[in-house]
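Remarks on the overall topology
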Protein chains: 2
Amino acid sequence: MAVTSLQAPDIARQTTKGILQDVSAIQPVILCGGGGTRLWPVSRVAVPKPFLPLVSEETLFEQAIRRVVGDDRFAAPMVVAGTDHAGLIIAQLGDTPGARLVIEPAARNTAPAIALAAALLPAETVMLVCPSDHHIADAVAFRSAALAAAALARDDYLVSFGIAADRPETGYGYLQRGEPLPGGFAIRRFVEKPDLARAQEYLASGEYSWNGGIFVFRAGHLLDELAAHRPEMARLVAEAVAGGRDEGICFYPAPAPFAAIAGDSIDYAVMENTDRAAMVPADMGWSDIGNWAALSDALAGEADPNGNIARGQVDFAQCRNVFVMSDGPHVSALGLEGVCIIVSGNEVLVTTREGAQAVGKLPGAVNQ
Amino acid sequence: MAVTSLQAPDIARQTTKGILQDVSAIQPVILCGGGGTRLWPVSRVAVPKPFLPLVSEETLFEQAIRRVVGDDRFAAPMVVAGTDHAGLIIAQLGDTPGARLVIEPAARNTAPAIALAAALLPAETVMLVCPSDHHIADAVAFRSAALAAAALARDDYLVSFGIAADRPETGYGYLQRGEPLPGGFAIRRFVEKPDLARAQEYLASGEYSWNGGIFVFRAGHLLDELAAHRPEMARLVAEAVAGGRDEGICFYPAPAPFAAIAGDSIDYAVMENTDRAAMVPADMGWSDIGNWAALSDALAGEADPNGNIARGQVDFAQCRNVFVMSDGPHVSALGLEGVCIIVSGNEVLVTTREGAQAVGKLPGAVNQ
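Residues numbered from 1 in each chain as written. Chains lettered and ligands numbered in written order. Predicted model: local features only at pLDDT ≥ 70, side-chain atom pairs only at ≥ 80, totals over all residues.

Take the sheet that holds strand β17 (residues 314-317) of chain B next. If you walk across this open sheet you meet the six strands as β16(A)-β18(A)-β20(A)-β21(A)-β19(B)-β17(B), and the pairing is mixed. One side of each edge strand has no neighbouring strand; the edge strands of this open sheet are β16 (309-311) of chain A together with β17 of chain B. Each neighbouring strand pair of the sheet contributes to a mean axis angle of 5°, computed without reference to strand direction. Note: β17 of chain B against strand β19 (residues 330-334) of chain B, four bridges, orientation parallel. Within the sheet, the bridge partner assigned to Phe-316 of chain B lies in β19 of chain B and is Ala-333 of chain B. (Pairing = 2+ DSSP bridges. Helix = DSSP H or I, 4+ residues; strand = E, 2+ residues; numbered from the N terminus. Axes fitted to C-alpha atoms, helices over the stretch in contact; angles between N-to-C directions.)

With respect to the secondary-structure elements, Asp-315 of chain A resides in strand β17 (residues 314-317). Residues Asp-315 of chain A and Leu-362 of chain A, 47 residues apart in the sequence, show an inter-C-alpha distance of 27 Å.

Counting residues at the interface gives 27 residues for chain A, matched by 27 residues for chain B. The greatest single-element share of the side of chain A that touches chain B, amounting to six residues, is contributed by strand β21 (residues 347-352) of chain A. When grouped by side-chain class, the residues that make up the side of chain A that touches chain B number 15 nonpolar, nine polar and three charged. Summarising the sheet, strand β19 (residues 330-334) of chain A and strand β21 (residues 347-352) of chain B pair through five bridges and their orientation is parallel. Across the sheet, the residue bridging to Val-331 of chain A is Val-348 of chain B, located in β21 of chain B. (Contact = placed C-beta atoms within 7 Å. Nonpolar A, V, L, I, M, F, W, Y, C, P; charged D, E, K, R; others polar.)

Bringing helix α7 (residues 231-242) of chain A into the picture now. Residues and elements named next belong to chain A. For α7, with twelve residues, the first-to-last C-alpha span of 16 Å sits near the 16 Å given by 1.5 Å per residue. Within the span of α7, buried status applies to Met-233, Ala-234, Leu-236, Val-237, Ala-240 and Val-241. Elements in contact with the buried residues of α7: α3 (110-119), α6 (219-229), α8 (255-259) and α9 (266-271). (Expected span 1.5 Å × (residues − 1). Buried ≥ 20, exposed ≤ 12 C-beta atoms within 10 Å, placed from the backbone.)

To continue, consider the relation of the copies chain A and chain B. Under the fitted operation, chain A is carried onto chain B by 0.1 Å of movement along the axis and a turn of 180°, and the coordinates agree to an RMSD of 0.1 Å. Look at the turn and shift together and you get a two-fold axis relating the two. In this assembly the copies share their binding face: 100% of the residues contributing to the interface of chain A also contribute to that of chain B. (Least-squares fit on C-alpha atoms with pLDDT ≥ 70 in both.)

Let's shift gears to the nonpolar core. By size, the foremost hydrophobic cluster in this structure holds 256 residues, and its most contacted members are Val-159 of chain A together with Val-159 of chain B. Not counting chain neighbours up to four residues away, the residues in contact with Val-159 of chain A comprise Ala-149, Leu-152, Ala-153, Gly-184, Phe-215, Val-216, Phe-217, Ala-278, Met-279 and Val-280 of chain A. (Core = buried A, V, L, I, M, F, W, Y, C linked by C-beta atoms within 7 Å.)

Glancing now at the confidence of the model for chain A. Residues and elements named next belong to chain A. Chain-level pLDDT for chain A is 92 on average; 93% of the residues reach the 70-or-more range. Taken as a whole, residues 1-23 scores under 50 in pLDDT and shows 40 contacts with residues more than four places along the chain or in a different chain. Scored as a complex, the prediction yields pTM 0.86 and ipTM 0.85. (pLDDT = per-residue confidence, 0-100.)

Here it is in structure tokens:
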């Protein structure tokens with residue numbers, strides 16, 4: 001499989017910030033896994049979070065594509081997704097030139113998905129791996145961080161975006177910065193989701209960033225590291241690609257070897273094991289839109305003077321920081337503070353901002 | 001207009017409590033005025049609160065009728081209502097034997113409505129005037145208080161039920177007890193809705209009851225007092241009755257004189273002006289179901305161990321004292337405390353218990 005835009009020679013230039021950046025085409029790899037049940041009842045199994053117009057009139061997936069399309073420093077996107085959503089993806093890709101779609105035969109977490117893409121690319125290709133269901137307000141800052149990361153990737157680093165932390169968030173993993181590198185830092189330590197006290201320490205120290213699940217590395221380097229740390233996974237991915245087939249813009253890996261993989265995240269399988277982990281700082285208005293409170297934060301620009309946000313026909317009375325999204329019925333909110341009200345189809349969800357993390361465990365979300 | 005059951009002779013007997021009670025037929029007069037917008041969106045202009053099955057499978061109106069039907073100490077009920085709801089009333093009266101319906105040509109508050117009924121009854125008839133939209137859990141206690149009140153009414157008192165106050169409620173008027181009378185007390189003072197500090201004083205003093213809007217008096221006595229304190233209203237009511245007509249079980253007063261009445265409540269027009277005001281204590285599980293929080297209190301027997309009450313398909317998670325009523329959509333409530341969620345037709349209302357008082361002022365309720 002040849003991706004012509006990657007055949008352009010690498011070109012290096014000195015930016016105004018004095019950081020050596022590589023401006024040849026970077027290969028975006030958009031991951032469409034995950035159910036997103038924490039945004040139930042709007043996000044459902046049939047049409048999950050990436051494919052919904054949550055923040056703007058574009059879906060999160062369309063935004064992820066638009067973030068890299070039309071900029072010749074980036075190649076046409078490669079999308080990795082499960083069979084169930086291929087139709088949605090092809091529809092939302094529209095006429096994106098050169099886009100390709102890799103269909104996962106089974107859901108095996110991020111490491112096998114990324115390895116599939118890597119195995120389909122020339123070894124020297126720099127991959128920019130992005131979730132399809134995050135919001136990034138500042139696309140220019142995103143692309144700038146990607147270019148810095150690509151330069152590090154060419155220097156044999158496996159790079160993670162370090163998202164600027166602006167609150168003691170307990171829902172994300174953290175990256176602790178080590179020695180400075182050109183355009184970024186070595187990663188001293190990966191930290192699992194902390195408790196609040198520890199998250200407050202991290203924020204105060206200034207040494208920590210959020211691990212946003214955005215990665216940059218050379219395809220061949222990623223596969224070498226995978227072979228070192230997860231040899232069986234690397235072998236089965238290679239087998240799945242060797243036995244796979246093209247059909248239009250889609251690539252179908254061989255189902256049997258892929259299904260045999262023990263799934264794992266790219267963090268656990270590779271990033272936490274390599275001694276070449278690096279990070280580039282990224283302050284780009286990022287949100288994983290991980291729950292209704294996070295979506296309401298991402299929409300803060302639409303809030304009324306009391307912090308209330310309405311999507312649909314809504315009246316607020318004596319409310320503060322209330323978020324309402326309705327696909328039809330008129331909603332009246334009275335005397336509430338810090339509550340999210342979601343009306344979708346035959347489901348009504350009312351949750352505190354604090355409760356929003358647990359929406360995916362509600363019977364309605366579990367028993368869809 | 002002859003009401004045959006009222007022609008039975010009065011019979012007095014000594015009860016086990018030693019109170020002289022009159023057991024001849026008391027004439028129930030059920031008032032169906034009022035919009036009940038504080039129970040919007042379930043209570044709407046077309047089908048307001050009395051005609052909805054809020055507390056049980058019976059509507060509040062049906063409960064008001066059943067409370068006095070089938071007990072020969074009470075005559076067949078007389079209902080006073082506006083034109084708009086005559087159809088609902090006739091349907092919900094079903095085959096109640098002997099029931100009559102007085103149609104108000106216009107809404108003029110309670111004094112003219114009650115005076116209409118009084119003018120249609122023999123002067124010696126004891127009327128028991130009840131709102132149609134209150135809940136009374138203990139019908140036996142209700143009837144017992146009515147009998148005590150009837151005895152006082154025959155002794156030329158205008159009697160108000162004094163509802164046992166069990167909390168410092170600021171939404172009701174209060175009655176201060178004076179000298180004891182057989183089966184009740186003189187009323188020393190009528191008090192308007194107090195502020196919280198004053199309501200707490202009233203509750204602590206033990207001298208105050210809630211004014212529940214339930215009255216007992218002789219028809220002729222009421223009309224005499226009305227003529228003394230509101231002569232113009234008395235004159236116009238008499239004229240409306242004289243010019244009225246019967247049609248089936250309905251009586252239609254003449255519209256022009258009735259519409260010319262300056263509306264007023266029975267409290268303002270008569271009760272606060274007479275020197276014959278009395279009260280009978282009534283501890284009967286009363287609620288005016290004045291808002292969603294009050295309804296939820298009336299349904300406390302249905303609460304789960306966390307105080308949550310569900311009408312419809314509902315899941316609660318980490319909730320306390322949450323009330324949900326849905327006419328269809330499934331509702332999920334997460335992390336909430338003291339919130340009412342109402343789903344009705346194309347309207348969703350979410351309010352705190354405190355906010356429930358203000359529901360009638362919401363744009364959705366005002367602009368039905």
